Amino acid sequence: MNGAPMSNNKPTENQILQAAFGPGDHCLSVEQLEKCVVDGSIPPAPLAAHVESCTYCQTQAQLLREFGAGTLRETETEVVELITARLRARSNEIFQATKPQVEVQEPWWRAFWSAPWLSPAVLALAGILVVAAISLQMRNSAPSLHTPRPDQEVLRSNTISVIAPSGDIREAPDEIRWQGAPNAVRYEVRLLEVDGAELWKEETVQNRIELPAAVRTRVVPAKTLLCQVLAFDSSGHPVAQSGAVRFRLLQ
Amino acid sequence: MTGDVNSAADLAQDVFLKAFQRLNSFRGDSKFSTWLYSIARNRCMDEMRSRAVRPDETTGVVLEQLIDSSLEQVPRTLERQESARALRQLIQEELDETEAKVMTLHYVDELPLDSITRLLGLENPSGAKAYVVSARRKLQRSVSRRDWA
């Protein structure tokens, strides 16, 4: 956004500030922040000391707190109510147009609209975050809809071991490698964010695949990503899959 | 409210749609609201980053106009002094809580200044811009005092 051109391979001004204000090795995940800070429970001493002195963790904790509290500012009330009403009015259209993933656990998604968390207050919470994040006029196209991928919901007991990348790594990975599965003739490799959002997907017949440059730029320091490999046999049926293997580029 | 309600509504819809599609991935390791927050946060941040390359994006320009040339020297000097580590120390010592949060949201999360103004409920006339300028001035003064330049 504010990136200045690089010169002599020296970090730019914004990169320096980004590193200084950004997450470090000891920063808490959102789940840890929820448990240790937002819920009010007493965190272990090392975590407490870190949060006390960490601008990044304090900022993230505040965002999480405000999302959870759902306190509406006076100027936001009308807009949030409007968005909530629109969402409710379009709920059938939105969710009927998007079939749930295969083997739907009916109680889960049937409960989606009827569950207490989908009260107007919670819709309002999301509205707060969304409205706060939008500042300029951006009349985008309609949101992209992720089509369901029923062929990938068939699971098998066979597993694939992802060799690399895994855990904390010091350099952005050039490739993903894994141990092959018997009877597999091709593999589908996916790179995901921790919330399951797919960053990249590709197929290969080998036990490794190179990450394109555009994808490598998405591997940024301190951001946890997941990679997952799915193996198919000659008839196109999935025969094995890996778990979602976490990795994170250290700063 | 200066934001675009229609776009906000689209984004909110997208967030709930993603949550709906990924309900099976919620394993109960955290509160549902935290899981939903993660999806909403990532979606909003992605949108902000995608907007950053659009021709009408002006945040960077606005910020540059706010920074006088002397302030440019702060990170340049710190760069020679193992910048990030030194700067973290200065941040703790020199910046107040709001300044630090504004800088984090702007430089790390790459949120536009007017979004930060509303997100943090800043009520001063120039909002987050003032905190960015103030923070950078404090850091510059601190560097000068320490004779690092």
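In the block above lies the structure referred to throughout.
Now for a quick tour of the structure. Owing to the predicted nature of the structure, the values given are computational and were not obtained by experimental measurement.

### Describing the side chain of T55 of chain A
Link 1 in the chain: Relative to the helices and strands, T55 of chain A is located in helix α4 (residues 55-69).
Link 2 in the chain: Apart from residues lying up to four places away in sequence, T55 of chain A is in contact with F21 of chain A together with I91, A100, K101 and T104 of chain B.

### Some points on the packing of helix α3 (residues 45-53) of chain A against α4 of chain A
Residues and elements named next belong to chain A.
Link 1 in the chain: The interhelical angle for the contact between α3 and α4, taken along N-to-C directions, is 90°, at an axis separation of 5 Å. Judged by the angle between their axes, α3 and α4 are roughly perpendicular. Only T55, C57 and Q58 of α4 make contact with α3, whose side of the interface consists of H50, V51, E52 and S53.
Link 2 in the chain: Within the contact of α3 with α4, the residues separate by chemical class into two nonpolar, four polar and one charged.

### A short note on the pattern of salt bridges
All names here are of chain A.
Link 1 in the chain: Per the stated rule, a full pass over the model turns up 12 salt bridges over all chains.
Link 2 in the chain: Notably, a salt bridge pairs E198 with R190, separated by 2.8 Å at the nearest N-O pair.
Link 3 in the chain: By relative accessible area, E198 is classed as partly exposed at 31%.
Link 4 in the chain: Under the relative-accessibility criterion, R190 is labelled buried at 16%.

### Considerations on the packing of aromatic side chains
Link 1 in the chain: Within this structure, the stated rule accounts for five aromatic pairs over all chains.
Link 2 in the chain: Judged by centre distance (5.4 Å) and plane angle (65°), the rings of W178 of chain A and Y187 of chain A are edge-to-face.
Link 3 in the chain: Given the relative accessible area of 2%, W178 of chain A is considered buried.
Link 4 in the chain: For Y187 of chain A, a relative accessible area of 3% gives the class buried.
Link 5 in the chain: Here the aromatic rings of F26 of chain B and F32 of chain B are separated by 5.1 Å at their centres, their planes lie at 80°, and the arrangement is edge-to-face. Accessibility classification places F26 of chain B together with F32 of chain B in one group, the buried group.
Link 6 in the chain: Ring pairing ties together the aromatic residues F26, F32 and W35 of chain B, which thus form one cluster.
Link 7 in the chain: One residue, R186 of chain A, lies across the ring of F232 of chain A, its end atom 4.1 Å from the ring centre.

### Here we look at the nonpolar core
Link 1 in the chain: In this structure, F21 of chain A together with L87 and I116 of chain B are the most contacted members of the largest nonpolar core, which totals 55 residues.
Link 2 in the chain: Ranked by size, the runner-up nonpolar core spans 24 residues in total, among them I160, I176, L191 and V239 of chain A.

Rules behind the numbers
- Residues numbered from 1 in each chain as written.
- Chains lettered and ligands numbered in written order.
- Predicted model: local features only at pLDDT ≥ 70, side-chain atom pairs only at ≥ 80, totals over all residues.
- Heavy atoms only, no water.
- Helix = DSSP H or I, 4+ residues; strand = E, 2+ residues; numbered from the N terminus.
- Contact = heavy atoms within 4.5 Å.
- Axes fitted to C-alpha atoms, helices over the stretch in contact; angles between N-to-C directions.
- Parallel < 35°, antiparallel > 145°, perpendicular 65-115°, else oblique.
- Nonpolar A, V, L, I, M, F, W, Y, C, P; charged D, E, K, R; others polar.
- Salt bridge = Lys/Arg side-chain N within 4 Å of Asp/Glu carboxyl O.
- Buried < 20%, exposed > 50% of the residue type's maximum accessible area, 1.4 Å probe, protein only.
- Phe/Tyr/Trp six-rings, centres within 6.5 Å; stacked < 30°, edge-to-face > 60°.
- Lys NZ or Arg CZ within 6 Å of the ring centre and 35° of its normal.
- Core = buried A, V, L, I, M, F, W, Y, C linked by side-chain atoms within 4.5 Å.

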